[in-house]
Amino acid sequence: MIHGLPSMKSIKSLKSLVRKKTNPQEVSKSGWKMKPFLALMCTALLIFWYKTTNIQFEQTEIEETDYPFDMAKESEAVNDKLKGLPRGIIQSRSDLELKPLWSRSSLRSKGVEMTNRNLLAIPVGIKQKGNVDALVKKFLPANFTIVLFHYDGNMDKWWDLEWSSKAIHIVAHNQTKWWFAKRFLHPDVVSIYDYIFLWDEDLGVENFNPERYLRIVKSVGLEISQPALDHNSTEIHHKITLRSRTKKFHRRVYINRGHRRCSNTSADPPCTGFVEGMAPVFSKAAWFCTWNLIQNDLVHGWGMDMKLGYCAQGDRTKNVGIVDSEYIVHQGIQTLGESVPEKKV
């Protein structure tokens, strides 16, 4: 016997151990034990696949109601760069609706909520957080999509508001709402919204109801409008925006003294066909025109209000107006660019 080599007995016992391990009956038994587990795994994967596909299908159905394939007219020239795409697949529009990852609970329900959708866009700074919170809460029950333009870069301190996660947040330091609107409210992105509210952050809305406001706007055919300013407003630059206590809405103002006279024959702003830049409301068609009117280098927007009548989709003296029964308070709080000395108008 040579030392260091295994004995014949140990070799035999090792062979018998291997035979036991590779016994077909044992393998068969272990395979049967695994089958219930594999079946359970396959069932779980099939359920997951079915749920995911079903949610995606429902979402596609909803989107098709917003953007049917025949939305683009056949007569429209197709860009040469798109000619390689299959017919009917081109999707030239989008929206600002949040899309769920898995849960269908965050999908807009079909029915009432899929119609009469509107958009509220506001430039905001953290100093006006309380006022913006009160403003947004007025609009959320009326099926509005909320977009906040953070001009001070301070977005993280807004997450404690209950509605903040449902809003769209866009951040760019020291930019005005016209800068934001030109870059993020392209007509093809906001085409599903009937009305676009492009408001300032310093507006009091205690006496304003967006649903009642829109009913008036639609009933009298106002393409561009604004709520009237309460007499307690800090800054009222044009008399036409001042609230009339005896009217539901008005389209012109009468001034018989001063350097500017306004009468029934007046056809130019600010006597008629005029809204101010702090709280304009645009129909879908009027916004398409207004977006193209906004110059790319526009900053503060001074003078824009005098030109908005070009986008009235017809006679500005009839299609532009002020709603008196739903009014707001302009607080005149200047927050953007506070490092520059203020100059009161």
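Since the model is a prediction, treat every value here as computed from it, not as a measurement.

Conventions and cut-offs
- Residues numbered from 1 in each chain as written.
- Predicted model: local features only at pLDDT ≥ 70, side-chain atom pairs only at ≥ 80, totals over all residues.
- Heavy atoms only, no water.
- Buried < 20%, exposed > 50% of the residue type's maximum accessible area, 1.4 Å probe, protein only.
- Helix = DSSP H or I, 4+ residues; strand = E, 2+ residues; numbered from the N terminus.
- Pairing = 2+ DSSP bridges.
- Right-handed = clockwise from strand over helix to strand, strands pointing away.
- Phe/Tyr/Trp six-rings, centres within 6.5 Å; stacked < 30°, edge-to-face > 60°.
- Lys NZ or Arg CZ within 6 Å of the ring centre and 35° of its normal.
- Patch = residues over 30% accessible without salt bridge, like charges linked within 9 Å, V, L, I, M, F, W, Y side chains within 5 Å.
- Areas by Shrake-Rupley, 256 points an atom, 1.4 Å probe, with all protein chains shown as cover.
- Salt bridge = Lys/Arg side-chain N within 4 Å of Asp/Glu carboxyl O.
- pLDDT = per-residue confidence, 0-100.
- Contact = heavy atoms within 4.5 Å.
- Disulfide = S-S within 2.5 Å.
- Core = buried A, V, L, I, M, F, W, Y, C linked by side-chain atoms within 4.5 Å.

Trainee: Before we go on, may I ask you to explain the pairing of strand 1 (residues 118–124) in this structure?
Mentor: Along a regular strand, successive side chains alternate from one face of the sheet to the other. The element strand 1 is extensively covered by neighbouring structure, given that seven of its seven residues are classed as buried. Of the two faces of strand 1, the one carrying Asn-118, Leu-120, Ile-122 and Val-124 and the one carrying Leu-119, Ala-121 and Pro-123 are both buried. Summarising the sheet, strand 1 and strand 2 (residues 144–150) pair through seven bridges and their orientation is parallel. Looking across to strand 2, one finds that Leu-119 is bridged to Thr-145. Each parallel crossover has a hand, and for strand 1 linked through helix 3 (residues 129–139) to strand 2 it is right-handed. Taken together, the four bridges between strand 1 and strand 4 (residues 195–198) define a ladder with parallel strand orientation. Along strand 4, the bridge assignment pairs Leu-120 with Phe-197.

Trainee: Where do I start with the packing of aromatic side chains in this structure?
Mentor: Describing an aromatic ring pair means giving the distance of the ring centres and the angle of the ring planes. Throughout the structure, instances matching the rule amount to 14 aromatic pairs. Look at Phe-149 and Phe-180: their rings are 4.6 Å apart centre to centre, the planes differ by 5°, and that puts the pair in the stacked class. Of the two residues, Phe-149 is situated in strand 2 and Phe-180 in helix 4 (residues 177–184); the sequence distance between them amounts to 31 residues. You'll find Phe-149 and Phe-180 in the same group, each marked buried. A connected cluster of aromatic rings, assembled from ring pairs, spans Phe-139, Phe-144, Phe-197, Trp-199, Phe-208 and Tyr-213. The ring of Trp-291 carries Lys-182 above its face, with NZ or CZ at 3.7 Å from the centroid.

Trainee: Would you mind going over the environment of Ile-192 with me for this structure?
Mentor: Here Ile-192 lies in the loop between helix 4 and strand 4. Taking the C-alpha atoms as reference, Ile-192 lies 8.3 Å from Ser-94; in sequence the two are 98 residues apart.

Trainee: Explain a nonpolar patch on the surface to me, please; I cannot follow it from the model alone.
Mentor: Side chains of Leu-82, Leu-85, Ile-89 and Ile-90 sit close together on the surface and give an oily, nonpolar patch of about 320 Å² of accessible area. Note on placement: Ile-89 falls in the loop between helix 2 (24–66) and strand 1.

Trainee: Got a minute to help me understand the pattern of salt bridges in this structure?
Mentor: Side-chain pairs of opposite charge can arise whenever the charged atoms involved come near each other. Under the counting rule described, the total for this entry stands at four salt bridges. Note that Asp-160 and Lys-129 form a salt bridge whose closest N and O atoms lie 2.7 Å from each other. Here Lys-129 lies in helix 3 and Asp-160 lies in the loop between strand 2 and strand 3 (168–171), a separation of 31 residues in the sequence. For Asp-160, a relative accessible area of 58% puts it in the exposed group. Residue Lys-129 is classed as buried on the basis of its relative accessible area of 17%. Between Asp-200 and Lys-177 there is a salt bridge, and its shortest N-O distance comes to 2.9 Å. Here the residue Asp-200 occupies a position in the loop between strand 4 and strand 5 (203–204), and Lys-177 occupies one in helix 4, the gap between them amounting to 23 residues. Under the relative-accessibility criterion, Lys-177 is labelled buried at 5%.

Trainee: Any chance you could explain the confidence of the model for the chain here in plain terms?
Mentor: Caution applies to low-pLDDT parts of the model: their predicted coordinates are not meant to be read in detail. In the predicted model, the chain carries a mean pLDDT of 81, and 76% of its residues have values of at least 70. Here helix 1 (residues 8–21) stands out as the element of the chain with the lowest mean pLDDT, 51, in contrast to strand 8 (residues 281–283), whose mean of 98 is the highest. Per-residue pLDDT stays below 50 along residues 105–112; that stretch engages in 13 contacts with residues further than four places along the chain or on separate chains. Note that residues 339–345 has pLDDT below 50 and, in this model, three contacts with residues that lie over four places away or in other chains.

Trainee: What exactly am I supposed to notice about the state of the cysteines here?
Mentor: By definition, a disulfide is the covalent link that joins the sulfur atoms of two cysteine residues. On inspection of all chains with the given rule, the structure shows two disulfides. Across the disulfide, Cys-262 is cross-linked to Cys-271 (sulfur-sulfur distance 1.9 Å). The sign of the S-S torsion, about -65°, decides the handedness of the disulfide formed by Cys-262 and Cys-271: left-handed. By the burial criterion, Cys-262 is buried, and Cys-271 matches it.

Trainee: Looking at this model, I keep getting lost on the nonpolar core. Mind explaining?
Mentor: Most often, soluble globular proteins keep nonpolar side chains buried together rather than apart. Among the nonpolar cores identified, the biggest contains 40 residues, and Leu-185, Leu-198 and Trp-287 are the most heavily contacted of them. Within the residue set of this core, elements represented by two or more residues are strand 1, strand 2, strand 3, helix 4, strand 4, strand 6 (224–229), helix 6 (284–293) and strand 9 (320–330). Ignoring anything within four residues of it in the chain, the contact list for Leu-185 reads Leu-96, Leu-119, Ala-121, Phe-149, Phe-180, Val-190, Leu-198, Trp-287 and Trp-291. With 32 residues, the next largest nonpolar core counts Trp-158, Phe-197, Val-217 and Val-281 among its residues.

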